[in-house]
Amino acid sequence: KSKPDFSQDAALKMKSLNPRFIFLLSLTVVSSSLGFYLPGLAPVSFCEKEDAKECQKDIQLFVNRLDSVESVLPYEYDAFDFCKDTDERRPSENLGQVLFGERIETSPYKFTFKSDKACVKVCTKSYDAGSKEDKLKLDFLKKGMELNYQHHWIVDNMPVTWCYIVEGNQKVCNPGFSIGCLVNQEGKPKDACVINADFNKKNAYYIFNHVDITIFYHSGDETNGMSARLVAATLEPRSVKHSNDDKPTCDGTPMDIPAEFKNNLKVTYTYSIQFKQNDDIRWASRWDYILVSMPHTNIQWFSIMNSLVIVLFLSGMVAMIMLRTLHKDIARYNQMDQEEAQEESGWKQVHGDVFRPPRMGMLLSVFLGQGTQVFIMTFITLFLACLGFLSPANRGALMTCSVVLWVLLGTPAGYVSARLYKTFGGENWKTNVLLTAFLCPGIVFVDFFLMNLILWVEGSSAAIPFGTLVAILALWFGISVPLTFVGAYFGFKKPGIEPPVRTNQIPRQIPQQSFFTKPVPGIIMGGILPFGCIFIQLFFILNSIWSHQMYYMFGFLFLVFIILLITCSEATVLLCYFHLCAEDYHWWWRSFLTSGFTAVYLIYNPLNHSHMQLNLHSGISLAQIYFQLSNTLSSSAFHSPSSDLCFF
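Note that this is a predicted model, so its numbers are computed, not measured.

S.K.: Tell me about the overall build of the protein, residues and numbers included.
M.R.: Looking only at helices and strands, the protein has 18 helices and 15 strands in total. For the protein, buried positions account for 47% of its 648 residues. Contacts in the protein between residues at least 24 apart in sequence constitute 77% of all its contacts with a sequence separation of at least 6. As displayed, the protein has an accessible area near 33200 Å², and 61% of this comes from carbon and sulfur atoms.

S.K.: Before we move on, can you summarise the side chain of Asp353 with the specific residues and values?
M.R.: Along the chain, the position of Asp353 falls in the loop between helix H6 (297-334) and helix H7 (361-386). Take Asp353: its relative accessible area is 1%, and that puts it in the buried class. A distance of 2.4 Å separates the side chain of Asp353 from the side chain of Arg356, its partner in a polar contact. What Asp353 contacts, discounting residues up to four positions off in sequence, is Asn504, Ile506, Pro507, Arg508 and Tyr585.

S.K.: Can you break down the state of the cysteines residue by residue, with the values?
M.R.: All chains considered together, the criterion is met by 5 disulfides. Cys47 shares a disulfide with Cys55; S-S distance 1.8 Å. One disulfide, between Cys47 and Cys55, carries an S-S torsion of 70° and so falls in the right-handed class. Summarising the burial analysis for this pair, Cys47 and Cys55 share the class buried. Across the disulfide from Cys83 sits Cys123; the S-S distance is 1.7 Å. Between Cys83 and Cys123, the S-S torsion sits near -80°, and that sign places the bridge as left-handed. Of this pair, Cys83 sits in the loop between strand S1 (58-63) and helix H3 (95-99) while Cys123 sits in strand S3 (residues 117-127); the two residues are 40 residues apart in sequence, bridging distant segments of the chain. Residue class for Cys83 comes out buried when judged on its relative accessible area of 2%.

S.K.: Please set out the environment of Gly180 residue by residue, giving values where relevant.
M.R.: Inspection of the secondary structure assignment puts Gly180 in strand S10 (residues 180-183). Sequence spacing of Gly180 and Arg238 is 58 residues, and the spatial spacing of their C-alpha atoms is 9.1 Å. If near-sequence neighbours (up to four positions away) are discounted, Gly180 is found in contact with Met145, Asn148, Tyr206, Ile207 and Phe208.

S.K.: Can you lay out the nonpolar core for me, pointing to particular residues and giving the numbers?
M.R.: Ranked by internal contacts, the top residues of the largest apolar core, which has 112 residues, are Phe111, Leu141 and Trp153. With 13 residues, the top contributor of residues to this core is helix H14 (residues 554-581). Not counting the four nearest positions on each side in its chain, Leu141 is found in contact with Phe80, Phe82, Tyr127, Ile179, Ile207 and Tyr269. The next biggest cluster of nonpolar side chains, apart from the first, holds 13 residues, and it includes Val354, Trp587, Trp588 and Trp589.

S.K.: Please provide a residue-by-residue account of a nonpolar patch on the surface, values included.
M.R.: A surface patch of nonpolar side chains, amounting to about 630 Å² of accessible area, comprises Val446, Phe449, Leu450, Leu453, Trp456, Phe466 and Val470. Among the elements of the structure, helix H10 (429-458) and helix H11 (466-493) are those that each provide at least two residues to the nonpolar patch. Per-element accounting of the nonpolar patch gives the leading share, 5 residues, to H10. Summarising the element assignment, Val446 is placed in helix H10.

S.K.: Explain helix H8 (residues 397-408) to me, using residue names and the numbers behind them.
M.R.: In an α-helix, one turn spans 3.6 residues, which is why side chains three or four residues apart end up on the same side. Taking 1.5 Å per residue as the helical rise, H8 with its 12 residues ought to reach 16 Å, and the 16 Å between its terminal C-alpha atoms agrees with that figure. Among the residues making up H8, those that are buried are Ala397, Cys401, Ser402, Val403, Leu405, Trp406 and Val407. Contacts made by the buried residues of H8 are with H3, H7, helix H9 (410-423), H10 and H11.

S.K.: Could you give me a rundown of the pattern of salt bridges, with the residues and numbers involved?
M.R.: Taken as a whole and judged by the stated rule, the model has 17 salt bridges. Note that Asp256 is salt-bridged to Lys241, the shortest N-O span being 3.2 Å. Here the residue Asp256 occupies a position in strand S14 (residues 256-258), and Lys241 occupies one in the loop between strand S13 (229-238) and S14, the gap between them amounting to 15 residues. Taken together, the shared-partner salt bridges in this structure form one network comprising Glu76, Asp78, Arg90 and Glu105.

S.K.: Go over the sheet that holds strand S12 (residues 210-218), please, and point to the residues and values.
M.R.: Read across the open sheet, the 4 strands follow the order S3-S15-S12-S13; overall the sheet is mixed. Only two strands of the sheet have a single partner each, and these edge strands are S3 and S13. Averaged over all pairs of adjacent strands, the angle between their axes in this sheet comes to 20°, without regard to strand direction. The pairing of S12 with strand S15 (residues 265-277) spans 8 bridges and is parallel. Directly across from Tyr217, in S15, lies its bridge partner Gln277. Running over the sheet, helix H4 (residues 132-146) touches S3 and S15 and is turned about 125° from S3.

Thresholds applied
Residues numbered from 1 in each chain as written. Predicted model: local features only at pLDDT ≥ 70, side-chain atom pairs only at ≥ 80, totals over all residues. Heavy atoms only, no water. Helix = DSSP H or I, 4+ residues; strand = E, 2+ residues; numbered from the N terminus. Buried < 20%, exposed > 50% of the residue type's maximum accessible area, 1.4 Å probe, protein only. Contact = heavy atoms within 4.5 Å. Areas by Shrake-Rupley, 256 points an atom, 1.4 Å probe, with all protein chains shown as cover. Polar contact = N/O pair within 3.5 Å; in protein donor to acceptor, adjacent residues only side chain to side chain. Disulfide = S-S within 2.5 Å. Core = buried A, V, L, I, M, F, W, Y, C linked by side-chain atoms within 4.5 Å. Patch = residues over 30% accessible without salt bridge, like charges linked within 9 Å, V, L, I, M, F, W, Y side chains within 5 Å. Salt bridge = Lys/Arg side-chain N within 4 Å of Asp/Glu carboxyl O. Expected span 1.5 Å × (residues − 1). Pairing = 2+ DSSP bridges. Axes fitted to C-alpha atoms, helices over the stretch in contact; angles between N-to-C directions.

Shape descriptors only; they carry no functional weight alone.
So this is what it looks like as structure tokens:
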């Protein structure tokens, strides 16, 4: 409902009212407002007769990039030879949309509210068999149909979906539809060709050149019956060979394109549009029918219960060590002065060496500083996502929020790194600050830049424009680096963390270790339990990345994130205790790498997942494989800092 709007005269009169009355009136206004709209997500009203203040009658269909589950390279709409808008416009895109490779532009499909139309011609594309340019265009289009590239259309900031019935009589709504399909030389239909028995020509491509669009609108309490709001947009793609390209009827046989281009070819694109009223769907819940068709809520709860069992097991182990073993050891150790002297054993023998500074303390402090920065960024981003600020309707908000938070959190990174480095007794504070500001971000940026160069060569829409690269560098050098210096300044001004016991001048010799107490086996085993807690959630995240689905289960993700922190902490405490009992006091790097090794499993799992989900045939180039590996590293980096940092 619209909020009360007070004029300037009324506002001036309110200044002279009794403050108590103003307070009561404010409570009334707040209670009468059901909520608020996020920037860019306010509803748009439509009506048959346009009113500049209240509603509009023209509906613009936007097109986004085309992508495929069989290829990791997305392309812009203009890369394929489709109908173009004569007055093409590109809406402003935020940083997150650009980084995710979204390329939204206007389309030649333009509608008028409540104006049903049948078989409207959009354009006709002609291909001359003697033209090399036309042959390249058609070959690229056929390659897109072979790899099942899909359109992504948008109406009123809402995806136009293709809904169909699958096994079990379940309705699935896909926020994209194929540009066409292929029947191979054996006569076996691929992908979308299975929906129609008429797609039966061997070694032929069938292009979906006609769409039947249905737009549902709500006209009721939300708009006081004067206008309407769009609540759903669906379509059904069809392949039609028009007998008359100038006056199409949209009732012909399927439009087949032979694999060998020998004769001239014409492809006419058409559409039909109809509007239907549906007052059962409210504007605030118009995304529900898309998200409901994306299953797996039960699997999510199963995953969380599995993770909770692991947490309870580790918590019991830690509690037993803390309350029983350590308590008895400390009590017995304190009675040594009263009883006859006895030789120390276990972890008590290394009390004079346990706080000895680690090797490569500079590098450890830098990693922990950067881990602090990414950990806080991840926590705040997931928290905001749980509150609904970063929903799929707010395109690019998730990535924009992550980047902005990372830039603004340079101060904690510099402070933690400097304070810890000072605790280790380090004196090269300039090197420490520079490494904290440039080492990890520099590695990520070099990988990002190399990947972007390859994407530029491939002509993919995922390539970041040069201006955006300059903007990212400006954010890094202009904001993040100075804030890191500020944090390091305060960190070095603080005194180092004093250990509770004095460190021996002569290092104690470490006895021979068994296989399970050696560093490498302990680190490898330490990452298994945390990875088991997030395996199911990681599967859905990878599906959303490579299967181009919308990820919206941030509540589950935040809960699993908390479970991951607890699991990493408890697993690290347990393994460090076992190593100290074996008289091995080199625990600094081991505590970092024990839970941090979860990131290695996170990298391996997406690689295995990609081989299962993607069809890596000989036609896929080295650029696509490199892009896939970079996506793997990016998805792993989103989780690993929490496991790296939690024990610290």
